[in-house]
Amino acid sequence: MAGMDAGWRTRKSLAAAVLIVLSACVLPSGCAPHRRGRLSAVDAPPPPARERIATSPARDTHHPPRGRPEIDRTQSPADQVCAIALSFLGTPYRYGGVTPEGFDCSGLVRYVYQEVGVDLPRTAYGQSRSGGATTLRTMLRGDLIFFRIDRNVISHVGIYVGKGEFVHAPGSGKYIRTDSIDNPWWRRRVQTVRRVLQAPRLAG
């Protein structure tokens with residue numbers, strides 16, 4: 001009887017050992033990420049291309065949109081650009097926005113310039129290659145100011161409206177507003193200034 005018990009225990013131990021070996025061979029060890037390790041740069045999806053959000057010191061009191069005024073088409077194109085841009089003060093920022101319902105920075109610029117018959121690229125980077133280069137010292141109303149918010153990549157744009165002020169759509173949760181180009185936060189991030197409209201001729 002004792003021999004039978006010993007044999008039964010031996011067979012039971014062998015069966016358990018076989019099950020352990022089979023489990024090790026068939027069942028996966030750990031979850032998939034642990035087996036593969038960290039995703040490589042090739043495996044990881046690329047980050048979405050988008051304009052950077054401007055996170056400047058804010059003068060961002062919300063004023064409801066004042067409504068779009070009648071534009072005096074006898075004015076110069078630059079004055080028309082400034083008037084249209086200023087009419088959107090208080091309009092909410094909207095990522096990807098290209099209508100008066102809401103704009104992102106380059107959407108605002110493109111819309112405003114289309115109103116005076118100038119078709120610009122959709123992105124801030126594309127717009128930065130339009131027109132001709134000028135400088136902060138020589139810029140005129142209607143010129144475009146491009147900023148590098150992150151590293152040296154052009155990712156933000158505003159419209160210069162005179163007296164050191166530019167109009168822009170600063171970022172999520174904010175509203176179209178004016179800021180001073182003399183604000184050190186903005187000034188040190190200027191990458192380039194472009195003149196898309198022909199400069200007015202001086203009398204005399």
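Residues numbered from 1 in each chain as written. Predicted model: local features only at pLDDT ≥ 70, side-chain atom pairs only at ≥ 80, totals over all residues. Heavy atoms only, no water.

**Focus on the packing of aromatic side chains**
Consideration 1: For the structure shown, the criterion picks out seven aromatic pairs.
Consideration 2: Judged by centre distance (5.7 Å) and plane angle (80°), the rings of F88 and Y111 are edge-to-face. With F88 in the loop between α3 (77-87) and β1 (98-99) and Y111 in helix α4 (residues 105-114), this residue pair connects regions lying 23 residues apart in the sequence.
Consideration 3: We classify F88 as buried; its relative accessible area is 5%.
Consideration 4: We classify Y111 as buried; its relative accessible area is 16%.
Consideration 5: A ring pair is formed by F147 and F166, whose centres lie 5.2 Å apart and whose planes are at 35°; its orientation type is tilted. Highlighted residues: F147 in strand β4 (residues 144-147) and F166 in strand β6 (residues 165-168), separated in sequence by 19 residues.
Consideration 6: Judged by relative accessible area, which is 0%, F166 ranks as buried. (Phe/Tyr/Trp six-rings, centres within 6.5 Å; stacked < 30°, edge-to-face > 60°. Helix = DSSP H or I, 4+ residues; strand = E, 2+ residues; numbered from the N terminus. Buried < 20%, exposed > 50% of the residue type's maximum accessible area, 1.4 Å probe, protein only.)

**Focus on the sheet that holds β6**
Consideration 1: What the six strands build is an open sheet, ordered β3-β8-β4-β5-β6-β7; its pairing is antiparallel. Strands with a single pairing partner mark the edges of an open sheet, and in this sheet they are β3 (132-134) and β7 (177-180). On average, each strand axis in the sheet is tilted by 40° relative to the strand beside it, whichever way the strands run.
Consideration 2: Packing against the sheet, α3 makes contact with β5 (156-162), β6 and β7, and its axis sits at approximately 115° to β5.
Consideration 3: The strands touched by α4 within the sheet are β4, β5 and β6, with β5 carrying the most contacts at an inclination of about 50°. (Pairing = 2+ DSSP bridges. Axes fitted to C-alpha atoms, helices over the stretch in contact; angles between N-to-C directions. Contact = heavy atoms within 4.5 Å.)

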